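# Analysis of the macromolecular model
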Amino acid sequence: MAGHFKLLPILLLALFTLTVTSEFIASINCGGPDFWQWISDDRAFISWTSDDNLVSNGEAHVVPSSNSLSDQVDTLRVFTSRKKNCYSNPVTLGQKVLVRASFYYGNYDGLSKPPMFDLHFDGNFWTTVETSSTELTVHEITYVTKGDAISVCVAKTKHDQFPFMSALEIRSVDSEVYNPKGVDNNRALFLISRLAYGASQTIRYPDDDYDRMWMPVLDVTNPVTSDDPLFSFESYNISTPDHPPQAIFQNAMSSGKANNLIVGTFSPSNSPYLINMYYSEVNTSIIDTSVTRSFRLYEMSTSGSELSDTITPPILSVYEWSTYNYKVDSTTVFSLNATVDSDLPPLINAMEVFRIGDVLTNGTHSNDVEALALLRSTFDMLGGWSGDPCLPANYSWDWVNCSDDDTPRVTSLYLDSFGLSGSFPDISSMDALEIIDLHNNSLSGTIPSFLGSMPNLQRLDLANNQFSGQVPASLSKNKNKNLELNYTGNPSLCTSGKSCSSSPGTSISSPGSTSVAGKKKSKLPVIFGTIIPSFLLIWIAAGIFTIVRRKMKPANANGSATGGGATNGITNGMQKMGEDLVNEIVNTGVQQVFGSPSPLLNVNSSDTTV
């Protein structure tokens, strides 16, 4: 029983961790270890995960202690190679997420040269990051995902400045948040500011369920704090769908004795805005009195138009004013002006301003993405490549080329000298491929037959690998007569239609042709086939010549032909063959055609006449 009691605190802590992080998809400490971040007077914590197992590229660095800000940004991962480097994390398709990326240079390299680089997400351009030696740079975005994973990438834009990331946070957000009438869920919301007027510190989780960070505005001219010492958040009625945290309504900014309050200045922008303003009465003493507070929101520009009806901040409740797709063509000031019957000046508790982005890309064609995922899972050396392979257009993966379509296709794979080994997987779904370069690897097994049926393939380089077996007929008979095929340097490879029983040599093919591989055939049978009939004709001619001589010249006194030894035996043999041939010709009157004798006529010592 005592053992169970010892485990109880651990189990309760694990349950608490699961509860408080249920909306947290990821909290990544770039370049640093796992740790717990205690926040809000130690009422809750966030569990941070090291990125050691999330990226295969980059170098971990630590900010000097003299420049330390906090545990989550005092370490960073710097990327000195590749055009872009990405963090990827699984999500649910169609899920609304809040993504926050933090960058703190902190003079980690002692050069006092904070770099500048681009930030991307899911193949879309996010922003250009300008870092600082002494200040933290944070960028936040909210959007609806178009796939089952999201990627956040840093991209090098200057040859002598290396991108880095200090921290990456991904939070799940309810679908009704930031979803006013007319909102386009095909666009992202880029946070410009999220302000809590009069607050003394940053308000975030656990006060905000989505871990939004409400930055305090400390230089408020007339800050107002709730006059209720027993101010209770639990009694609040927050019905607005954006679910602002109750903590932002304990404080506000007021115009004091003035009748108008400037709440924001907006510069001209090519992008429209989403603006949310939150109002709640902090002076609870006026509940049972006839004192009123009312005002309207005005656009103080050339037109000076009125933007809202009369606003009366509710007590223990919230009023949210919102405008979507608001466009600013010239410098514009927002002002709260008291109505003529208002007893109290205007006030505001909090405000959010977002830039509305362009339509989000659908990313690279799903057929190519799935096939590239298969390549990455098959070959460990490709596993570190993540993010969209083709987008943004100038930042495709180093080993692919892509088309410039709205939904780009991968047209080339340059995987030469990548150290690939084993069998090559089926990537036939990448039917837009024009070039596949796999030379100088250690790929083995048979050449995949699907390569011959790829409709747009123009060049296939398989040289200097360890392929074996026959070259597939689908390649040697490829309908695309312009296919440039190279499979030299595969010593165990043989061509279609040829026996693979002997060890083949190297093979080369030129455009529109197939290669012939295999052991060179011996010329010996051809030589014998040519020489043997020649000798036979000589023997026959010699026999005929002997017969003629005998008829023209009598034999010597001993009744034998002149000569002796082996020559005599050969001559006698040829003489007999000549006599038979002459008799056959005389008897039949038909000339006979002879092929090569088989087996060869044996001439040895026993056939000679001494």
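Shown above is the structure to which this text applies.
Quick caveat, the model's predicted, so the values are computed rather than measured. (Residues numbered from 1 in each chain as written. Predicted model: local features only at pLDDT ≥ 70, side-chain atom pairs only at ≥ 80, totals over all residues. Heavy atoms only, no water.)

## As for helix α2 (residues 366-378)
What counts here: Labels follow the DSSP assignment, with helices taken as runs of H or I lasting at least four residues and strands as runs of E lasting at least two, numbered in each case from the N terminus. Multiplying 1.5 Å by the helix residue count minus one yields the expected span of that helix. Partly exposed residues are those whose accessible area sits between 20% and 50% of the maximum for their type, while under 20% is buried and over 50% is exposed, using a 1.4 Å probe and protein chains only. Working definition: the arc comes from the directions between the helix axis and the C-beta atoms, pointing outward to the latter. Whether two residues touch is decided by their heavy atoms; if any such pair falls within 4.5 Å, the residues are in contact.
Here α2 spans 18 Å end to end across 13 residues, near enough to the 18 Å set by a 1.5 Å rise per residue. Considered for burial, the residues of α2 that qualify are D368, A371, L372 and L375. One side of α2 holds all its buried residues, which, seen down the axis, span an arc of 100°. Away from its buried face by more than 90 degrees, α2 exposes E370 and S377. At its buried positions, α2 is contacted by β26 (410-414).

## Observations regarding the nonpolar core
Put simply, the rule reads: What is meant by a nonpolar core is a set of buried Ala, Val, Leu, Ile, Met, Phe, Trp, Tyr and Cys residues, joined one to another through side-chain atoms within 4.5 Å.
Counting 36 residues, the largest nonpolar core has L375, W399, L413, I427 and L460 as the members making the most contacts within it. Going through the elements one at a time, α2 and β26 are the ones with two or more residues in this core. Broken down by element, this core gets its largest block of residues, three residues, from α2. In this structure, L460 is in contact with I436, L451, L475, L483, E484, L485 and N486, ignoring residues within four places of it in sequence. Membership of the second largest hydrophobic core comes to 35 residues, among which are W126, L168, I170 and L360.

## A short note on the pattern of salt bridges
Any two side chains of opposite charge can pair if their charged atoms end up close together. Inclusion rule: Salt bridges are defined as contacts in which a side-chain nitrogen from Lys or Arg sits within 4 Å of a carboxyl oxygen from Asp or Glu.
With the rule as written, the count across this model stands at 17 salt bridges. With its nearest N and O atoms 3.1 Å apart, the salt bridge here joins E169 to R100. With E169 in strand β13 (residues 167-172) and R100 in strand β7 (residues 96-103), this residue pair connects regions lying 69 residues apart in the sequence. Across the pair R204 and E169 runs a salt bridge, and its minimum N-O distance is 3.3 Å. Taken together, the positions of R204 in the loop between β14 (187-197) and β15 (215-217) and E169 in strand β13 put the pair 35 residues apart, joining distant regions of the chain. Judged by its relative accessible area of 12%, R204 is buried. With relative accessibility at 5%, the residue E169 sits in the buried group. The structure contains a network of salt bridges with shared partners spanning R100, E140, E169, R171, R194, R204, D211 and E352.

## With respect to the sheet that holds strand β18 (residues 260-266)
For sheets, the rule is that strands pair by backbone hydrogen bonds, running either parallel or antiparallel. The cut-off we apply is this: Strand pairing is assigned whenever DSSP identifies at least 2 bridges connecting the two strands. Think of each axis as a best-fit line through the C-alpha atoms, taken over the contacting stretch in the case of a helix, with angles from 0 to 180 degrees between the N-to-C directions.
Taken in spatial order, the three strands line up as β18-β22-β20 in an open sheet, and their pairing is antiparallel. A single partner strand is all that each edge strand has here, and the edge strands are β18 and β20 (295-300). Taking each pair of neighbouring strands and ignoring which way they run, the sheet shows an average axis angle of 20°. Pairing between β20 and strand β22 (residues 332-338): six bridges, direction antiparallel.

## Examining the environment of S322
Spelled out, the test is: For this analysis, a polar contact is any N or O atom pair within 3.5 Å, provided that within protein one partner can donate a hydrogen and the other can accept it, and provided that sequence-adjacent residues contribute only side-chain to side-chain pairs.
Within the secondary structure, S322 is located in strand β21 (residues 319-326). By relative accessible area, S322 is classed as partly exposed at 33%. Considered as a pair, S322 and L274 are 48 residues apart in the sequence and their alpha carbons are 7.4 Å apart. Those residues in contact with S322 that lie beyond four places of it in its chain are P180, L274, I275 and N276. Reaching out from S322, the side chain makes a polar contact with the backbone oxygen of I275 at a distance of 3.5 Å.

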